[in-house]
Amino acid sequence: MSFSKTAVYAAFLLFLFYVVLIFSLLTFLEGGSFLTVLLAPNTLFSIRLSLTAATIATLLAVAVGLPAAYALSRLNFPAKKLVDTFLELPMIMSPIALGAALLIFFNTPFGAILQEKGIFFVFEFPGIVLAQFATIAGLATRLMKTALDEISPRYEGVARSLGSNAWGAFWKVTFPLAIRGLVSAMILCWAKAVGEFGATVTLAGTMAFKTETMPIAIFMSLASADIPQAVILILILAGIGLSALYAVRFVGRRSPVL
């Protein structure tokens, strides 16, 4: 067997592995139970909560990550490599460990001061957003830096030579050229935030109709042996993830920059 055929067979083997996993979920669903479970109050609540928190967390991650990505892509500053390395920490650190670090932080004197001023994160909705932000901020920065790296700094240099300032050169030249990559990064980070579990459950807990995101609802459904609800939420998460990947591939179809 040739190497090319072996590689193709390996790709299809992995494809079938995940397809079998997804279709095996359908064996636990009965015809009339799908809509009943889908429209149940706790299911709808977990869907709304996940989508809302993920959207807020992604917007915050992009707001902070875009200038950070620009600095890492275009500028030289002290401890740049150290900063760049630490931003990858959430990618290699267990989400549960990250959530535990956040939880411990709010038990420090500074965290106590925040809570005394009425800023609560532990077992609250802001805690969900913070956990998701902590999980995706480094990834968002890394992906947006990659998008900016693909755009030659010479374009900004030309804009600056024609009288534009640094802000104008970025927003009028670099940003439009990198927009597809930036949007793709945003979509991927949003999908990851929707499916985030470890940091969220550690910081925000498993409180029904309060901090019950879709992944937490799956965990609670399995704990109570409510398999139909768990299956439906898994299918929804899988659908969101696959849709996000398709959207990234669609947005990524771009003409090369000349």
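Residues numbered from 1 in each chain as written. Predicted model: local features only at pLDDT ≥ 70, side-chain atom pairs only at ≥ 80, totals over all residues. Heavy atoms only, no water.

This brings us to the packing of aromatic side chains. This model, assessed by the stated rule, comprises 11 aromatic pairs. On the numbers, 5.1 Å between centres and 75 degrees between planes, the contact of Phe17 with Tyr18 is edge-to-face. Among the aromatic residues, those joined into a cluster by ring pairs are Tyr70, Phe170, Trp171 and Phe175. (Phe/Tyr/Trp six-rings, centres within 6.5 Å; stacked < 30°, edge-to-face > 60°.)

Counting residues in each nonpolar core, the largest one holds 42 residues, and the members touching the most others are Ile136, Met144, Leu148, Leu182, Val194, Met214 and Leu233. Only helix 2 (33-38), helix 3 (41-74), helix 8 (125-149), helix 10 (166-194), helix 12 (214-223) and helix 13 (227-251) provide two or more residues apiece to this core. Leu102, Phe121, Ala134 and Ala199 belong to the second largest nonpolar core, which has 10 residues in total. (Core = buried A, V, L, I, M, F, W, Y, C linked by side-chain atoms within 4.5 Å. Buried < 20%, exposed > 50% of the residue type's maximum accessible area, 1.4 Å probe, protein only. Helix = DSSP H or I, 4+ residues; strand = E, 2+ residues; numbered from the N terminus.)

Scanning all chains against the criterion turns up 5 salt bridges. Across the pair Asp84 and Arg142 runs a salt bridge, and its minimum N-O distance is 2.3 Å. Highlighted residues: Asp84 in helix 4 (residues 80-86) and Arg142 in helix 8, separated in sequence by 58 residues. Salt-bridge contacts for Glu88 lead to Arg142; the nearest nitrogen and oxygen are separated by 2.8 Å. With Glu88 in the loop between helix 4 and helix 5 (89-92) and Arg142 in helix 8, this residue pair connects regions lying 54 residues apart in the sequence. Given the relative accessible area of 31%, Glu88 is considered partly exposed. A relative accessible area of 18% means that Arg142 is categorised as buried. (Salt bridge = Lys/Arg side-chain N within 4 Å of Asp/Glu carboxyl O.)

By themselves these figures say nothing about function.
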